[in-house]
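Commentary on secondary and tertiary structure
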Amino acid sequence: MSSRYGTSSRNMPPKLVLYDVRGHGAQPWMPNIWRIRFILNFKGLPYETVWIELQDVERALSHIKAPPSSVRSDGRPVYTLPVIVDPTRNPHSPIILSNSNTIAEYLEDTYPARPIFPQGSRAVQALFVHYIQEVFSKPLLPILVPMSHHQLPHSTQTHFRGGQAPATTLVGPQREMAWQAAREQFDFLAAIMDKNKGDGYGDGVVAYGNDVTYADFALCSILIWIKRMDAHEGWARVRTWNQGRWSRLLDRCRPFMDEC
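Residues numbered from 1 in each chain as written. Predicted model: local features only at pLDDT ≥ 70, side-chain atom pairs only at ≥ 80, totals over all residues. Heavy atoms only, no water.

Stated formally: UniProt positions are given in the numbering used here, feature names are shortened, and annotations may be inferred rather than shown by experiment.
Taking an unreviewed UniProt entry as the reference, the protein is identified by name as GST N-terminal domain-containing protein belonging to Psilocybe cubensis. The record held by UniProt for the protein lists under Sequence similarities (unreviewed entry) the comment "Belongs to the GST superfamily."

As structure tokens, this is what we get:
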């Protein structure tokens, strides 16, 4: 049976639905959406992915009455991904949420088995995730955003360019300067995370104790972005930095990288 939220069967229990962006292939790549994909996989929650193109996001999300991510100064709503639909409690009136952090809190509170926020860690993890999003990832934007743009279907690229020239990928000295700025953030974060080893609690690979948490998923989402956009140069650099810790961290998150 087809529904506005995805495809389901009369004989199957309803699943959560994750809305994601389609690229040239079906491989997920957007960091904010990967955070939620990690949580769903970690908690073992059945879900399906609805793929949409970027130019269709506003139409698709307003159609299912998803809450806007923000409101423009003129009062118009802004719709962004990720969005999840949870029909498991009431298929006729499903929960529909946007914003990665809001969704993460909802999934933790509604499905508390296998917690992503160990007791007493929510505030610290919120600061960590804010740092990853607002500071740590900023030097990567001029490198990865143009590369991400080129991974989109041609129709999507044309829509967002509006007749303008394609996004330009950094080359030469500018590219090296951007990677050096990124390296400084990786070095700083490695030094902070190494503090976990000093008190005998954890091995320093993950952000909190010995098990992966939401903070690690936020960070691994950036690592996946680098790997899928720039595997031969970008990930080849990053995986060797800080004694290979970022490759080890991605390996710790790999069991939760199924793509539904």
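The discussion continues.
Quick look at the pairing of strand 3 (residues 16-21)
Note the threshold: Think of it in three bands: with a 1.4 Å probe and only protein chains considered, a residue is buried below 20% of the maximum accessible area for its type, exposed above 50%, and partly exposed in between. Numbering of helices and strands runs from the N terminus, with a helix taken as a DSSP run of H or I at least four residues long and a strand as a DSSP run of E at least two residues long. Pairing between two strands requires that DSSP report at least two bridges joining them.
Among the six residues that make up strand 3, six are buried, leaving the element largely enclosed by the rest of the structure. Both faces of strand 3 are covered, namely the face carrying Leu16, Leu18 and Asp20 and the face carrying Val17, Tyr19 and Val21. The sheet contact formed by strand 3 and strand 4 (residues 47-52) spans six bridges and is parallel. Among the inter-strand pairings, Tyr19 is bridged to a residue of strand 4, identified as Val50.

Overview of the sheet that holds strand 3
Basically, it comes down to this: Angles here are taken between N-to-C directions and fall from 0 to 180 degrees, while the axes themselves are lines fitted to C-alpha atoms, restricted in helices to the stretch in contact. Two residues qualify as a contact provided that any one of their heavy atoms is within 4.5 Å of a heavy atom in the partner residue.
Pairing is mixed across the open sheet formed by four strands, whose spatial order is 4-3-7-8. Unpaired on one side and paired on the other, strand 4 and strand 8 (95-98) mark the two borders of the sheet. With direction set aside, neighbouring strand axes in the sheet form an average angle of 20°. Packed onto the sheet, helix 1 (residues 31-43) meets strand 3, strand 4 and strand 7 (83-86) and runs at close to 150° relative to strand 3. This element, helix 3 (residues 100-110), spans strand 3, strand 7 and strand 8 of the sheet and lies at about 140° to strand 8.

Remarks on the packing of aromatic side chains
The criterion, for reference: A pair of Phe, Tyr and Trp rings is counted when the ring centres sit within 6.5 Å of each other, with Trp represented by its six-membered ring. The angle between the planes then sorts it: under 30 degrees is stacked, over 60 is edge-to-face, the rest tilted.
Scanning the model with the defined rule gives twelve aromatic pairs in all. For the pair Phe42 and Phe217, a centre-to-centre distance of 5.6 Å together with 65° between the ring planes defines the contact as edge-to-face. Here Phe42, found in helix 1, pairs with Phe217, found in helix 9 (residues 214-229); they are 175 residues apart in sequence, far enough to count as distant. We classify Phe217 as buried; its relative accessible area is 0%. Considering the side-chain rings of Phe136 and Phe186, the 4.6 Å spacing of their centres and the 65° angle between planes classify their relative orientation as edge-to-face. Taken together, the residues span a long stretch of sequence, with Phe136 in helix 4 (residues 122-136) and Phe186 in helix 7 (residues 172-193) at a distance of 50 residues.

Here we look at unusual backbone geometry
Here the bond from Leu81 into Pro82 is cis, since omega is 10°, no more than 30 degrees from zero. Along the chain, Pro82 turns up in the loop between strand 6 (77-78) and strand 7.

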